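Each chain, written out:
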Amino acid sequence: LGCTAAGLTFTCVREGADFMLEAGALVLADGGVCCIDEFSCIKKDESAAIHEALEQQSISVAKAGINTRLNTRCSVVAACNVKNGSYNAGPMTPLNTSLGLPLLTRFDTVVVFIDAFDAKQDAATADFIL
């Protein structure tokens, strides 16, 4: 569950005796918008590849004898959940998510949506939907 560096950047695939690159979501979105859900599920060791893509707008490739740069010039809209299932209004945003500050600072805008717990309103909304 969640996103991986290979799924967002690229993966190297063997085709017979040769290798080829398969573009990930950021490369495919070059010149457009890449929407990522569950961004908070990215593993810490995979986030380095995402840093370069978000900061440099490209990804360096040096695998299986392939040396190139892939463009990732796109806008990224990423959604993530808060740690422990509820937003704590006291700490800053980085402390409420599992995203590290270095990754979070790659975004130009951070918007926090807070759904205040209200059992009556939640029940009324559920009744309306059902």
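An account of the accompanying structure is given in this report. (Residues numbered from 1 in each chain as written. Predicted model: local features only at pLDDT ≥ 70, side-chain atom pairs only at ≥ 80, totals over all residues. Heavy atoms only, no water.)

1. What about the overall build of the protein?
Moving on, step 1. Assigned secondary structure in the protein consists of six helices and six strands.
Moving on, step 2. Shown N-terminal to C-terminal, the secondary structure of the protein runs as helices and strands in the order α-β-β-α-β-α-β-β-β-α-α-α.
Moving on, step 3. Taking the principal axes of its C-alpha atoms as reference, the protein extends roughly 60 × 35 × 25 Å.
Moving on, step 4. Taken across its 130 residues, the protein has 27% of its residues classed as buried.
Moving on, step 5. Residue pairs at least 24 apart in sequence account for 58% of intrachain contacts in the protein once pairs closer than 6 positions are excluded.
Moving on, step 6. Looking at the protein as shown, the accessible area adds up to about 8,700 Å², and 55% of this sits on carbon and sulfur atoms. (Helix = DSSP H or I, 4+ residues; strand = E, 2+ residues; numbered from the N terminus. Buried < 20%, exposed > 50% of the residue type's maximum accessible area, 1.4 Å probe, protein only. Contact = heavy atoms within 4.5 Å. Areas by Shrake-Rupley, 256 points an atom, 1.4 Å probe, with all protein chains shown as cover.)

2. What to know about the nonpolar core
Moving on, step 1. Within the largest apolar cluster, 22 residues are counted, with the highest numbers of intra-cluster contacts made by Leu8, Leu26, Phe39, Ile50, Val76 and Leu103.
Moving on, step 2. Those elements that place two or more of their residues in this core are α2 (25-28), β3 (33-36), α3 (47-56), β4 (58-63), β5 (66-71) and α5 (101-104).
Moving on, step 3. It is α3 that provides the largest number of residues to this core, a total of three residues. (Core = buried A, V, L, I, M, F, W, Y, C linked by side-chain atoms within 4.5 Å.)

3. Re the pairing of β5
The two faces of the sheet receive side chains in turn, since in a regular strand these alternate between them.
Moving on, step 1. Alignment of β4 against β5, held across six bridges, turns out to be antiparallel. The partner of lysine 63 across the bridge, within β5, is isoleucine 66.
Moving on, step 2. Connecting β4 to the antiparallel partner β5 that follows it, the hairpin turn spans two residues, and alanine 64 within it adopts a positive phi of roughly 50°. (Pairing = 2+ DSSP bridges.)

4. A few points about the layout of surface pockets
Moving on, step 1. Approximately 860 Å³ is the volume found for the largest pocket.
Moving on, step 2. As for the largest pocket, its lining consists of 34 residues, and the residues nearest its centre are Ala78, Ala79, Thr109, Val110 and Val111.
Moving on, step 3. Secondary-structure elements contributing two or more residues to the lining of the largest pocket are α3, β6 (75-78) and α4 (93-96).
Moving on, step 4. Counting residues per element, the lining of the largest pocket draws most heavily on β6, at four residues.
Moving on, step 5. Residues that form the lining of the largest pocket fall into these classes: 21 nonpolar, ten polar and three charged. (1 Å grid on protein atoms, 1.4 Å probe; cavity = no way out; pocket = protein on both sides within 12 Å on 5 of 7 lines; lining within 4 Å. Points joined across faces, edges and corners; volume = space filled by probe spheres on them. Nonpolar A, V, L, I, M, F, W, Y, C, P; charged D, E, K, R; others polar.)

5. What to know about the side chain of histidine 51
Moving on, step 1. Positionally, histidine 51 belongs in helix α3.
Moving on, step 2. Looking at histidine 51, its side chain comes within polar contact range of the side chain of arginine 106, at 3.2 Å.
Moving on, step 3. If near-sequence neighbours (up to four positions away) are discounted, histidine 51 is found in contact with Pro102, Leu103 and Arg106. (Polar contact = N/O pair within 3.5 Å; in protein donor to acceptor, adjacent residues only side chain to side chain.)

6. A short note on the environment of isoleucine 129
Moving on, step 1. Take isoleucine 129: it is sitting in helix α6 (residues 119-129).
Moving on, step 2. The exposed category is assigned to isoleucine 129, whose relative accessible area is 64%.

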